[in-house]
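The residues making up each chain are set out below.
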Number of protein chains: 2
Amino acid sequence: MTQVIEQATSTAPQSTFTALRCKECGEEYSLGANHVCEDVCFGPLEVVYDYDEIRRRVSRDAIASGPNSIWRYKDFLPVNTDTPIDVGTGMTPLVPANRLARHLGLKRLYIKNDAVNMPTLSFKDRVVSVALTRARELGFSTVSCASTGNLANSTAAIAAHAGLDCCVFIPADLEAGKILGTLIYGPILMAVEGNYDQVNRLCSEVANTHGWGFVNINLRPYYSEGSKTLGFEVAEQLGWQLPDHIVAPLASGSLFGKIYKGFQEFTKVGLVADKAVRFSGAQAEGCSPIAQAFQESRDFISPVKPNTIAKSIAIGNPADGVYALDIARKTQGTIEAVTDAEIVEGMKLLAETEGIFTETAGGTTIAVLKKLVEAGKVDPDETTVAYITGNGLKTQEAVAGYIGEPLTIEAKLDSFERALDRARTLDRLEWQQILV
Amino acid sequence: MTQVIEQATSTAPQSTFTALRCKECGEEYSLGANHVCEDVCFGPLEVVYDYDEIRRRVSRDAIASGPNSIWRYKDFLPVNTDTPIDVGTGMTPLVPANRLARHLGLKRLYIKNDAVNMPTLSFKDRVVSVALTRARELGFSTVSCASTGNLANSTAAIAAHAGLDCCVFIPADLEAGKILGTLIYGPILMAVEGNYDQVNRLCSEVANTHGWGFVNINLRPYYSEGSKTLGFEVAEQLGWQLPDHIVAPLASGSLFGKIYKGFQEFTKVGLVADKAVRFSGAQAEGCSPIAQAFQESRDFISPVKPNTIAKSIAIGNPADGVYALDIARKTQGTIEAVTDAEIVEGMKLLAETEGIFTETAGGTTIAVLKKLVEAGKVDPDETTVAYITGNGLKTQEAVAGYIGEPLTIEAKLDSFERALDRARTLDRLEWQQILV
């Protein structure tokens, strides 16, 4: 305990975060690169905040006049510096999805669109901006991660911007766009023959032998807090109120829990009125350990071997799975899984109705939303927010072959007219509409 | 003239735009889907504004408290509606590029990063948001375009969001990401066997025979105004002042002229102080008709047949080429061209120093910036803004093979350590830094 107090005093009197604490047994630790309750129970560590201090500092007006990025919520994030790494991350659009809502029979549906998050087009830019800012404060010069792709893109890009050395680890079978979208920034890229869970175990070993800052291992308590901003932004963008129901993808389960925590914190400090928000989670059938536990009313997760096109959420042994289960249950939400074919249909549906091209994880979320609506598990009148977490340009393989081909024509009017006639005979609803 | 006045009166008393006018002879036309001075000289038409009315309406505070999108500048844009199509387009980051600046020997360099513009990751979302809003006002139900790729993505996506039918035309040899990134939204996609200039000619014919709104043909006077927001945003983001020097890619030349017009309009209505800004343009050697005319001191453009990896700016017969020439000359700017190899190096340089993954057009801009610095044509102390107009995930072919490969390893610590040792022997500056 003495160590904790010293640390809190030495880092800054103006700090709003004071310690790390075990989520299971409550043991406190100093604010270093720790993530596991090593002294007692091996539970995960979380950042402890001084909410009285936060309440004194924040107001709706102060936040609204802050930077147009996640750093408008700096008082809720575990960094001390006044100059965090800010590459425009966050404040992505909350899109009123009227055409998709009509298609599904809903009235108030929003898409939180992190497919256009900056700089690397996924929600991971949020957690990495926080983790690398904290890594710099803790003195790391090399940063690293175990990734299913988006995290590798984000860590490599933001490390390049910040001038940090970078080595990232991915499963070797990732989509081309995610590999190239990492290499371009010039990190060391290790492609591990195995699935994400094997990559993750290897990285835990490397974290112990090299003095690197692994954003989602030894920096995980700081890193994961970045996802709270997905809760904060939705509340602010809805005019400082909470939605009735959210649907989000489940990989490790961390994102889900942090959106929940974001809503709770805003309520606790008086920025929004208290409200019961239902939390529903989306998984791919090919990797659905949390959905299976939910359906079978288990309170433990049985790990699975992933086999799905939704690689970015293919975590067979999810670290925060039990916490996600708990949140879904206590909020009267649900957790569902969909097939790869349904995922592709979800990607197409979102693109054709809203002009948003998401990756497979987003297709999973939309397909689960559709399934919940069809099962009567979404009230048409409730305000529902679906979280879209990544961009479709990174998982082009998933839809190639399922969205038709261009009509190739000569640069002549009669060739075009013949093609238009041909298009009439094709089985695409849109084409027929345009040509009638 | 009578027709013009009637039109202006009928559309709205609150309009800040009053007519279309020929850029060459000054003849005025009504505010319909017209783009060519058909009655007199076949020059291009431009929107005419009532700047006294704009001056009465706008202020720095009013703009700053407007939407976080191009629509904060609505008084400068040719639409009447109070509910334009707003999918979060614009207000992309102006990134202080400190690491790239140090690398080049500059002191105040900024990247205007439209690689993360919403929704489809290029500056085209700006012009399409304006064009489709206007198309809806003019009663079009089907929209179309001739595109080198980014415009097709944007038109298809925003049309889907707005519920407009859509048919787009591209050269058949485009990058896979641009084709798939169009098809996903469900338009009719015509792949024309020929280059962009042939596509464009075909579309001019189609525009005459079908009642469609072609954003960059019959709607071009409205469409092109959207690019002014790239000037407005930079001025606002620099704290309501103009930069000393801008570098932007040249395709048709329209973007260049509209950034210039944006700066002029802000000066005219008193939002920024008057200042001489130098305008420099970037082309690929494989399609550099404007750069060639500049170097040879010609005041006319000789069309060329494009042959470059920078397909998005490969316009051999640029519609606004002579205007771009004129602007570069009268502002003491310059126009340069770079090779395809230099373009790839430009993409890598921007990614490795700033964490920004741009497409080939952006690589062209960075490579030209580097060339200008090396030639002593950029003052290290001047505030320079380089415009990055599109995202690298759409032109992956350009860099595949030039950025190395992942190191494939087994999921074992000793395999990782051997790979780290192997990495030491590789010829990548970054890897050696990390491993020393």
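Under an unreviewed UniProt entry, chain A has the name Threonine synthase and belongs to Halomicronema hongdechloris C2206. Comment text from UniProt for chain A, heading Sequence similarities (unreviewed entry), reads "Belongs to the threonine synthase family." Looking at the Pathway (unreviewed entry) heading of the UniProt record, one finds this comment for chain A: "Amino-acid biosynthesis; L-threonine biosynthesis; L-threonine from L-aspartate: step 5/5."

A.B. asks: Help me understand the pairing of strand S5 (residues 108–113) of chain A, please; the structure alone is not making it clear to me.
C.D. replies: For a regular strand, the rule is simple: side chains alternate between the two faces of the sheet. Residue and element names in this part refer to chain A. Two strands pair when backbone bridges link them, and strand S4 (residues 94–96) and S5 are joined in this way by three bridges, in the antiparallel orientation. In the sheet register, Pro 96 faces S5, and the bridge partner there is Tyr 110. Bridge count between S5 and strand S13 (residues 383–388): six bridges; the pairing is parallel. Each bridged residue has a counterpart across the sheet, and for Arg 108 the counterpart in S13 is Thr 383.

A.B. asks: Mind showing me how you'd approach the UniProt feature "domain: Tryptophan synthase beta chain-like PALP" (unreviewed entry) in chain A here?
C.D. replies: Sequence positions flagged by UniProt for "domain: Tryptophan synthase beta chain-like PALP" (unreviewed entry) are, in local numbering, residues 88–390 of chain A. For residues 88–390 of chain A, the helix share is 44%, the strand share is 17%, and the end-to-end C-alpha distance is 16 Å.

A.B. asks: Could you clarify how one ought to interpret the domain arrangement of chain A in this entry?
C.D. replies: You'll often see interface size given as the accessible area lost when the parts meet. Residue and element names in this part refer to chain A. Considered domain by domain, chain A is made up of domain 1 (17–76), domain 2 (94–120 + 228–398) and domain 3 (123–220). On a C-alpha basis, the centroid separation for the pair domain 2 and domain 3 is 24 Å. Domain 2 puts 28 residues into the contact, and the matching count from domain 3 is 20 residues. A buried area of about 1,900 Å², summed over both sides, lies between domain 2 and domain 3, and 45% of it is on carbon and sulfur atoms. Looking at the side of domain 2 facing domain 3, the largest losses of area belong to Thr 120, Lys 311 and Lys 394, adding up to 32% of the total buried there. On inspection of domain 2 and its partner domain 3, the count reaches five salt bridges. The tally of links between domain 2 and domain 3 comes to 16 residue pairs in polar contact (both at pLDDT 80 or more).

A.B. asks: I tried to follow the sheet that holds strand S10 (residues 245–249) of chain A on my own but got confused; where do I start?
C.D. replies: Within a sheet, neighbouring strands are paired by backbone hydrogen bonds and run either parallel or antiparallel to one another. Residue and element names in this part refer to chain A. Spatially, six strands are ordered S4-S5-S13-S10-S11-S12 in an open sheet, and the strand pairing comes out mixed. Because the sheet does not close on itself, it has two edges, and the strands there are S4 and strand S12 (335–338). For this sheet, the mean inter-axis angle between neighbouring strands, taken without regard to orientation, is 25 degrees. As judged from the four bridges shared by strand S11 (residues 278–284) and S12, these two strands associate in the parallel manner. Bridging across to S12, Ala 284 finds its partner in Val 338.

A.B. asks: Is there a simple way to explain the sheet that holds strand S7 (residues 165–171) of chain B in this structure?
C.D. replies: In space, the five strands of this open sheet follow the order S14(A)-S8(B)-S7(B)-S6(B)-S9(B), with parallel pairing throughout. The outermost strands of the open sheet, each flanked by one partner alone, are strand S14 (407–410) of chain A together with strand S9 (213–214) of chain B.

A.B. asks: Quick question: what am I supposed to make of the UniProt feature "binding site: pyridoxal 5'-phosphate" (unreviewed entry) in chain A here?
C.D. replies: All names here are of chain A. If you check UniProt for "binding site: pyridoxal 5'-phosphate" (unreviewed entry), the listed places come out as Asn 150 and Thr 389 in our numbering. These annotated residues cover 240 residues of sequence, and their C-alpha atoms lie no more than 9.6 Å from one another, placing them together at a single site. Within the secondary structure, Asn 150 sits in helix H6 (residues 150–162). Look at Asn 150 and you get buried, because its relative accessible area is 6%. Ignoring anything within four residues of it in the chain, the contact list for Asn 150 reads Thr 120, Ser 122, Lys 124, Lys 178, Ser 312, Glu 359 and Lys 394. For Thr 389, the contacting residues outside a window of four places in its chain are Asp 114, Leu 121, Ser 122, Phe 123, Pro 249, Leu 255 and Ala 361.

A.B. asks: Looking at this model, I keep getting lost on the interface of chain A and chain B. Mind explaining?
C.D. replies: Contact residues are listed per partner, giving 81 residues for chain A and 81 residues for chain B. Taking both sides of the interface into account, the surface hidden between chain A and chain B amounts to around 6,600 Å²; carbon and sulfur atoms contribute 71%. Viewed at the interface, chain B and chain A are joined by zero salt bridges. The residue makeup of the side of chain A that touches chain B, split by class, is 48 nonpolar, 19 polar and 14 charged. In the sheet, strand S8 (residues 188–193) of chain A pairs with strand S14 (residues 407–410) of chain B via four bridges, with the strands oriented parallel. Looking across to S14 of chain B, one finds that Ala 191 of chain A is bridged to Thr 408 of chain B.

A.B. asks: Would you mind showing me how to read helix H10 (residues 228–237) of chain B here?
C.D. replies: Along an α-helix, residues three or four apart share an orientation, since each turn contains 3.6 residues. For H10 of chain B, the buried fraction is high: nine of the ten residues fall into the buried class. Every buried residue of H10 of chain B is listed here: Lys 228, Thr 229, Leu 230, Gly 231, Phe 232, Glu 233, Val 234, Ala 235 and Glu 236 of chain B.

A.B. asks: Can you help me understand the packing of helix H17 (residues 413–424) of chain A against helix H8 (residues 196–209) of chain B in this one?
C.D. replies: Any two packed helices are characterised by how steeply their axes cross, that is the angle between the axes, and by the distance between the axes. Contact geometry for H17 of chain A and H8 of chain B: axes closest at 10 Å, N-to-C directions at 65 degrees. Once H17 of chain A is placed against H8 of chain B, the crossing between them reads as right-handed. Contacts between H17 of chain A and H8 of chain B involve Leu 413, Phe 416 and Glu 417 of chain A from the first element and Leu 202, Glu 205, Val 206 and Thr 209 of chain B from the second. A per-class count over the contact of H17 of chain A with H8 of chain B returns four nonpolar, one polar and two charged.

A.B. asks: Whenever I open this one, the pattern of salt bridges confuses me. Can you help?
C.D. replies: Opposite charge on two side chains permits them to pair, given that their charged atoms come into close proximity. All names here are of chain A. Scanning the model with the defined rule gives 58 salt bridges over all chains in all. One salt bridge connects Arg 57 with Asp 75, and the closest N-O pair in it is separated by 3.3 Å. Here Asp 75 lies in the loop between helix H3 (60–64) and S4 and Arg 57 lies in helix H2 (residues 51–57), a separation of 18 residues in the sequence. Put simply, Glu 225 and Lys 228 hold a salt bridge, and the shortest N to O gap is 2.7 Å. Here Glu 225 matches Lys 228 in class, with each residue buried. Where salt bridges share partners, they join Glu 46, Glu 225, Lys 228, Lys 258, Lys 261 and Glu 265 into one cluster.

A.B. asks: Looking at this model, I keep getting lost on the packing of helix H11 (residues 254–268) of chain B against helix H13 (residues 321–330) of chain B. Mind explaining?
C.D. replies: All names here are of chain B. It is at 8 Å that the axes of H11 and H13 come closest, and there the two elements cross at 50 degrees. By the angle class used here, H11 and H13 are oblique. Relative to H13, H11 is oriented so that their crossing is left-handed. Residues Phe 256, Gly 257 and Tyr 260 of H11 pack against Ala 324, Ile 327, Ala 328 and Lys 330 of H13. Along the lines of polarity and charge, the residues of the contact of H11 with H13 split into five nonpolar, one polar and one charged.

A.B. asks: Explain the packing of aromatic side chains to me, please; I cannot follow it from the model alone.
C.D. replies: Ring pairs (aromatic) are described by centroid distance and by the angle formed between their planes. Per the stated rule, a full pass over the model turns up 30 aromatic pairs over all chains. Each ring, one from Trp 212 of chain A and one from Phe 416 of chain B, has its centre 6.1 Å from the other, and the planes form 90 degrees; the classification is edge-to-face. Note that Trp 212 of chain A is positioned in the loop between helix H8 (196–209) and strand S9 (213–214) and Phe 416 of chain B in helix H17 (residues 413–424), a pairing that runs across two chains. A single burial state applies to Trp 212 of chain A and to Phe 416 of chain B, both of which are buried. Their ring planes at 45 degrees and their centres at 5.2 Å tell us that Tyr 73 of chain B and Phe 232 of chain B sit as a pair that is tilted. With a gap of 159 residues between them, Tyr 73 of chain B in the loop between helix H3 (60–64) and strand S4 (94–96) and Phe 232 of chain B in helix H10 connect regions that are remote in the sequence. Phe 232 of chain B matches Tyr 73 of chain B in its accessibility class, with the two residues each being buried. An aromatic cluster is defined as three or more aromatic residues linked by ring pairs; in this entry it consists of Tyr 73, Phe 76, Phe 232, Trp 240 and Phe 266 of chain A. Across the ring face of Tyr 51 of chain B, the terminal group of Lys 268 of chain B is positioned such that the distance to the ring centre comes to 4.2 Å.

A.B. asks: Could you clarify how one ought to interpret the environment of Ser 65 of chain B in this entry?
C.D. replies: Residue and element names in this part refer to chain B. One can find Ser 65 in the loop between H3 and S4. C-alpha of Ser 65 to C-alpha of Ala 176: the two residues are 111 residues apart in sequence and 40 Å apart in space. A polar atom in the side chain of Ser 65 sits 3.3 Å from the backbone oxygen of Ala 62.

A.B. asks: Help me understand H17 of chain A, please; the structure alone is not making it clear to me.
C.D. replies: All names here are of chain A. Over its twelve residues, H17 extends 17 Å from the first C-alpha to the last, a length consistent with the 16 Å expected when each residue adds 1.5 Å. Where H17 is concerned, the buried positions are Ser 415, Phe 416, Ala 419, Leu 420 and Ala 423. For H17, the angular spread of buried residues about the axis comes to 140 degrees, placing them on one side.

A.B. asks: Explanation requested: the nonpolar core in the structure shown.
C.D. replies: A general feature of soluble globular proteins is that nonpolar side chains tend to end up buried together. By size, the foremost hydrophobic cluster in this structure holds 193 residues, and its most contacted members are Ile 246 and Phe 266 of chain A together with Ile 246 and Phe 266 of chain B. Residues in contact with Phe 266 of chain A, not counting those within four places in the same chain, are Ile 63, Tyr 73, Phe 76, Phe 232, Ala 235, Trp 240, Leu 271 and Val 272 of chain A.

Criteria and thresholds
- Residues numbered from 1 in each chain as written.
- Chains lettered and ligands numbered in written order.
- Predicted model: local features only at pLDDT ≥ 70, side-chain atom pairs only at ≥ 80, totals over all residues.
- Heavy atoms only, no water.
- UniProt positions renumbered as here; feature names shortened; annotations may be inferred.
- Pairing = 2+ DSSP bridges.
- Helix = DSSP H or I, 4+ residues; strand = E, 2+ residues; numbered from the N terminus.
- Domains from an automatic or database assignment.
- Contact = heavy atoms within 4.5 Å.
- Buried area = accessible area lost by both parts, 1.4 Å probe.
- Salt bridge = Lys/Arg side-chain N within 4 Å of Asp/Glu carboxyl O.
- Polar contact = N/O pair within 3.5 Å; in protein donor to acceptor, adjacent residues only side chain to side chain.
- Axes fitted to C-alpha atoms, helices over the stretch in contact; angles between N-to-C directions.
- Buried < 20%, exposed > 50% of the residue type's maximum accessible area, 1.4 Å probe, protein only.
- Nonpolar A, V, L, I, M, F, W, Y, C, P; charged D, E, K, R; others polar.
- Left-handed = near helix turned anticlockwise from the far one by under 90°.
- Parallel < 35°, antiparallel > 145°, perpendicular 65-115°, else oblique.
- Phe/Tyr/Trp six-rings, centres within 6.5 Å; stacked < 30°, edge-to-face > 60°.
- Lys NZ or Arg CZ within 6 Å of the ring centre and 35° of its normal.
- Expected span 1.5 Å × (residues − 1).
- Arc of directions from axis to C-beta.
- Core = buried A, V, L, I, M, F, W, Y, C linked by side-chain atoms within 4.5 Å.

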